Amino acid sequence: MADDSELLRGYAATRAESAFAELVRRYLNLVYFAALRQVGGDAHRAEDVTQAVFTLLARKASSLTRPQTLAGWLHTTARFMASEALRAERRRVAREQEAHTMHELSTDSAAGNEWEQLRPVIDDALGELSASDREAVLLRFFANLPFAEVGAKLNLSENTARMRVERALEKLRALLARRGLTSTSAALGAVLTNQAA
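Heads up: these notes are all about the structure in this document. (Residues numbered from 1 in each chain as written. Predicted model: local features only at pLDDT ≥ 70, side-chain atom pairs only at ≥ 80, totals over all residues. Heavy atoms only, no water.)

Here's the deal with the overall build of the chain
When helices and strands are tallied, the chain shows eight helices and zero strands. Listing the helices and strands of the chain from first to last along the sequence gives α-α-α-α-α-α-α-α. Taking all 197 residues of the chain together, 34% fall into the buried category. In the chain, 58% of the contacts between residues at least 6 apart in sequence involve partners at least 24 apart. Carbon and sulfur atoms form 52% of the exposed surface of the chain, whose accessible area is close to 11600 Å². (Helix = DSSP H or I, 4+ residues; strand = E, 2+ residues; numbered from the N terminus. Buried < 20%, exposed > 50% of the residue type's maximum accessible area, 1.4 Å probe, protein only. Contact = heavy atoms within 4.5 Å. Areas by Shrake-Rupley, 256 points an atom, 1.4 Å probe, with all protein chains shown as cover.)

So this is what it looks like as structure tokens:
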């Protein structure tokens, strides 16, 4: 049976797949379980690290010909790559959290500005709606009820309640537009959802 250095030389010289496959067979568990320990038991991440280690081994095969170093090299490389994977994950999570925070701040700021314009006139505009339309809007946006519950309270199906709310919201938008507050029905619904309750 060929030793590690012979397999590495064979793979480096001729790209013999069988030689590399034998090295993977010998050391797969060593690399995978070292990676698994480093990434806190995340099997998918450990698999990614393991694949990266063996990819690097394939690229560096010609410089790793001393048999006593292969197991140590694989273990050290698995630890390093697992650490890199965790750092990359932390950076990704931090970027996503920062983007989410920035989005929330900009959304809250924009919605807050719209609400500041809407707040002084919303009740008067609601008062101009028919009783059934006003109740639909109040239940949906001010009481935060889902359409199914709005329908149940108004003795309507969920779909009919949705249509009533949408029509009432469009009427409310038109009433607000007469007061100089222009918006789409969807934007008005979003502002009401975020702020009215």
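Brief notes about helix α5 (residues 131-142)
Considered for burial, the residues of α5 that qualify are Asp133, Ala136, Val137, Leu139 and Phe141. Phi turns positive, to about 55 degrees, at Asn144, one or two residues after α5.

Focus on the pattern of salt bridges
In the structure shown here, the tally under the stated rule is eleven salt bridges. Close ionic contact of Arg26 with Asp4 constitutes a salt bridge, the shortest N to O distance being 2.7 Å. Here the residue Arg26 occupies a position in helix α2 (residues 17-38), and Asp4 occupies one in helix α1 (residues 4-14), the gap between them amounting to 22 residues. You can call Arg26 partly exposed: its relative accessible area is 24%. Asp4 gets classed as buried once you look at its relative accessible area, which sits at 7%. Measuring nitrogen to oxygen at the nearest pair gives 2.4 Å for the salt bridge that ties Arg92 to Glu96. One end of the pair is Arg92 and the other is Glu96, both in helix α4 (residues 67-128) and four residues apart, which spans about a single turn. Since its relative accessible area comes to 31%, Arg92 is described here as partly exposed. In this structure Glu96 comes out as partly exposed when scored by relative accessible area, which is 46%. Residues joined in a network through salt bridges with shared partners are Asp42, Arg45, Glu89, Arg92 and Glu96. (Salt bridge = Lys/Arg side-chain N within 4 Å of Asp/Glu carboxyl O.)

What about the nonpolar core?
Of all hydrophobic cores here, the largest spans 28 residues; its most connected members are Leu8, Val53, Phe54, Leu57, Leu70 and Leu74. Elements that contribute at least two residues to this core include exactly α1, α2, α3 (43-60) and α4. Setting aside residues no more than four positions away along its own chain, Phe54 makes contact with Phe20, Leu23, Val24, Tyr27, Leu28, Val31 and Leu74. In this structure, Val150, Leu169, Leu188 and Leu192 belong to the second largest nonpolar core, which totals 22 residues. (Core = buried A, V, L, I, M, F, W, Y, C linked by side-chain atoms within 4.5 Å.)

Structural notes on the side chain of Arg164
Within the secondary structure, Arg164 sits in helix α7 (residues 158-178). No salt bridge forms around the buried Arg164; measuring N to O, its nearest opposite-charge neighbour Asp133 is 4.4 Å away. With residues up to four places along the chain from it excluded, the contact list for Arg164 reads Ser132, Asp133, Ala136, Leu154 and Leu156. (Lys, Arg positive; Asp, Glu negative; His and termini not counted.)

Describing the packing of α5 against α7
Packing of α5 against α7 brings their axes to within 9 Å, and their N-to-C directions diverge by 105 degrees. Classified by the interaxial angle, the pair formed by α5 and α7 is roughly perpendicular. Packed against α5, whose contacting residues are Ser132, Asp133, Ala136, Val137, Arg140 and Phe141, the element α7 presents Arg164, Val165, Ala168, Leu169, Lys171 and Leu172 at the interface. For the contact of α5 with α7, the class distribution of residues is seven nonpolar, one polar and four charged. (Axes fitted to C-alpha atoms, helices over the stretch in contact; angles between N-to-C directions. Parallel < 35°, antiparallel > 145°, perpendicular 65-115°, else oblique. Nonpolar A, V, L, I, M, F, W, Y, C, P; charged D, E, K, R; others polar.)

Details of unusual backbone geometry
Unlike most non-glycine residues, Arg15 shows phi in positive territory, near 55 degrees. Within the fold, Arg15 resides in the loop between α1 and α2. For Arg15, a relative accessible area of 45% corresponds to the partly exposed category. Non-glycine residue Asn144 carries a positive phi angle of around 55 degrees. By secondary structure assignment, the location of Asn144 is in the loop between α5 and α6 (147-153).

Keep in mind these numbers describe shape, not what the thing actually does.
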